Amino acid sequence: MTLTRKPLSRRRVLGGLAALGASSIAAPAFAQAGFPSRPIQLVLPFPAGGSFDPVVRSLADAAAKELGQPVVLMHKPGAGGIMGTATLATMNEADGHTIAVMHNSVIRAPLVQKVNWDPLKDFSYLGTYFGLVTGVTVAADAAWKTFNDLMAEAKAKPGALSWGTVGAISINRITAERLARAAGTRFNMVPFKGGAEAFQALIGRHLDVYGDPGFGAQVQGGRARLLATFTAQRMKRYPDVPTVKELGHDFVIESPVGLVAPKGLDAKISERLQAAFRKAAADPAHQAQLELFDMIPQVSTGEAYAAYARAQFDRDQKMLAEIGFKLE
């Protein structure tokens with residue numbers, strides 16, 4: 001049997017081109033449906049070994065089960081936990097396969113240093129997942145038994161006591177300076193790259209006070225003493241430890257920690273990531289890490305986190321003005 005070819009009509013050619021065009025338009029939607037198509041890189045802007053490491057790692061491991069791809073931690077410390085997250089602000093492609101930990105120091109960065117990115121415009125906010133609790137800790141064998149003992153010596157010897165925080169521009173650093181000013185004294189402020197390094201200095205008696213989160217393991221292990229917390233109420237785990245506020249110093253620190261992607265993230269991919277990490281935040285292994293390091297669950301949507309960032313930026317402007325900070 002002889003096969004004969006029918007000539008292609010103009011209608012058939014145009015129909016084929018239209019179908020080809022439709023398939024190319026549908027390609028992004030297909031890509032979204034197949035997200036993630038490879039491992040996701042989660043940038044952690046702090047060194048390995050600190051309290052953030054096991055907490056974020058447990059969150060990432062739980063999210064990986066939901067996403068069907070590994071979520072790989074990439075440690076990129078520097079500039080007090082700002083540098084790693086900031087790398088996403090200048091990325092041209094937002095496909096959801098690179099995300100980063102976001103915290104208040106990144107939101108505050110343009111107010112205290114010159115940067116070429118905007119924390120309110122150059123990120124896609126995915127949500128918050130836990131909150132930090134800031135404590136005032138000293139070495140277990142330090143002479144100060146109470147927060148009032150510490151402040152009494154600080155007033156008697158202005159500038160003599162060293163107070164450590166992670167980073168030079170964190171909310172914990174700013175609040176410590178405001179506390180000292182309100183009490184009529186000052187501390188010798190010492191910035192650290194991470195909590196592990198700071199606790200080494202504290203326990204080794206090279207640092208007098210550490211005023212940052214992540215104290216749980218050290219306090220529970222008997223290596224550090226918790227004098228007070230910057231919480232609104234006493235912690236259930238430490239019912240005998242007062243808050244700074246109840247001792248007459250009106251300071252409370254709120255420090256939510258969340259995730260961001262580069263700006264321009266597709267809404268469907270954002271929803272996929274938010275759902276996976278929201279479920280991961282309730283994972284028992286992650287909850288156990290939060291409890292170990294005295295952090296608290298604090299889950300919100302990407303939209304709510306973006307609104308918080310805008311409000312926090314305004315609050316930080318006012319706080320920095322209060323301590324007389326000027327960007328040079």
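Before reading further, recall that the structure is shown in the block above.
Residues numbered from 1 in each chain as written. Predicted model: local features only at pLDDT ≥ 70, side-chain atom pairs only at ≥ 80, totals over all residues. Heavy atoms only, no water.

(A) Spotlight on the environment of alanine 154. Secondary-structure assignment places alanine 154 in helix α5 (residues 147–156). A sequence separation of 32 residues divides alanine 154 from arginine 186, and the C-alpha atoms of the two residues are 7.1 Å apart. If we skip the residues at most four places from it in the chain, alanine 154 touches Leu161, Thr185 and Phe187. (Helix = DSSP H or I, 4+ residues; strand = E, 2+ residues; numbered from the N terminus. Contact = heavy atoms within 4.5 Å.)

(B) Just unusual backbone geometry, in detail. The omega angle of the peptide bond from phenylalanine 35 to proline 36 is -5°, so this bond is cis rather than trans. Along the chain, proline 36 falls in the loop between α1 (10–33) and β1 (40–44). Although it is not a glycine, alanine 79 adopts a positive phi angle of roughly 55°. Its location among the elements puts alanine 79 in the loop between β2 (71–75) and α3 (83–86). Alanine 79 sits in the partly exposed class, given a relative accessible area of 44%. Although it is not a glycine, aspartate 294 sits at a positive phi angle of roughly 55°. Along the chain, aspartate 294 turns up in the loop between α10 (284–292) and β11 (296–297). For aspartate 294, a relative accessible area of 4% gives the class buried. (Buried < 20%, exposed > 50% of the residue type's maximum accessible area, 1.4 Å probe, protein only.)

(C) The packing of aromatic side chains, seen in detail. Counted according to the given criterion, the structure contains 9 aromatic pairs. Where phenylalanine 52 meets phenylalanine 130, the ring centres are 6.2 Å apart and the plane angle is 55°; that geometry is what we call tilted. On the criterion of sequence distance, the pair formed by phenylalanine 52 in helix α2 (residues 52–67) and phenylalanine 130 in strand β4 (residues 123–132) is long-range, its members being 78 residues apart. No difference in accessibility class separates phenylalanine 52 from phenylalanine 130, as the two residues are buried. Summarising the aromatic geometry, the rings of phenylalanine 199 and tyrosine 210 are spaced 4.8 Å apart at their centres and angled 70° between planes, so their arrangement reads as edge-to-face. Here tyrosine 210 lies in strand β8 (residues 209–210) and phenylalanine 199 lies in helix α7 (residues 195–203), a separation of 11 residues in the sequence. Given a relative accessible area of 1%, tyrosine 210 falls into the buried group. A connected cluster of aromatic rings, assembled from ring pairs, spans Phe46, Phe52 and Phe130. (Phe/Tyr/Trp six-rings, centres within 6.5 Å; stacked < 30°, edge-to-face > 60°.)

Take it as geometry only, folks, not as evidence of what the structure does.
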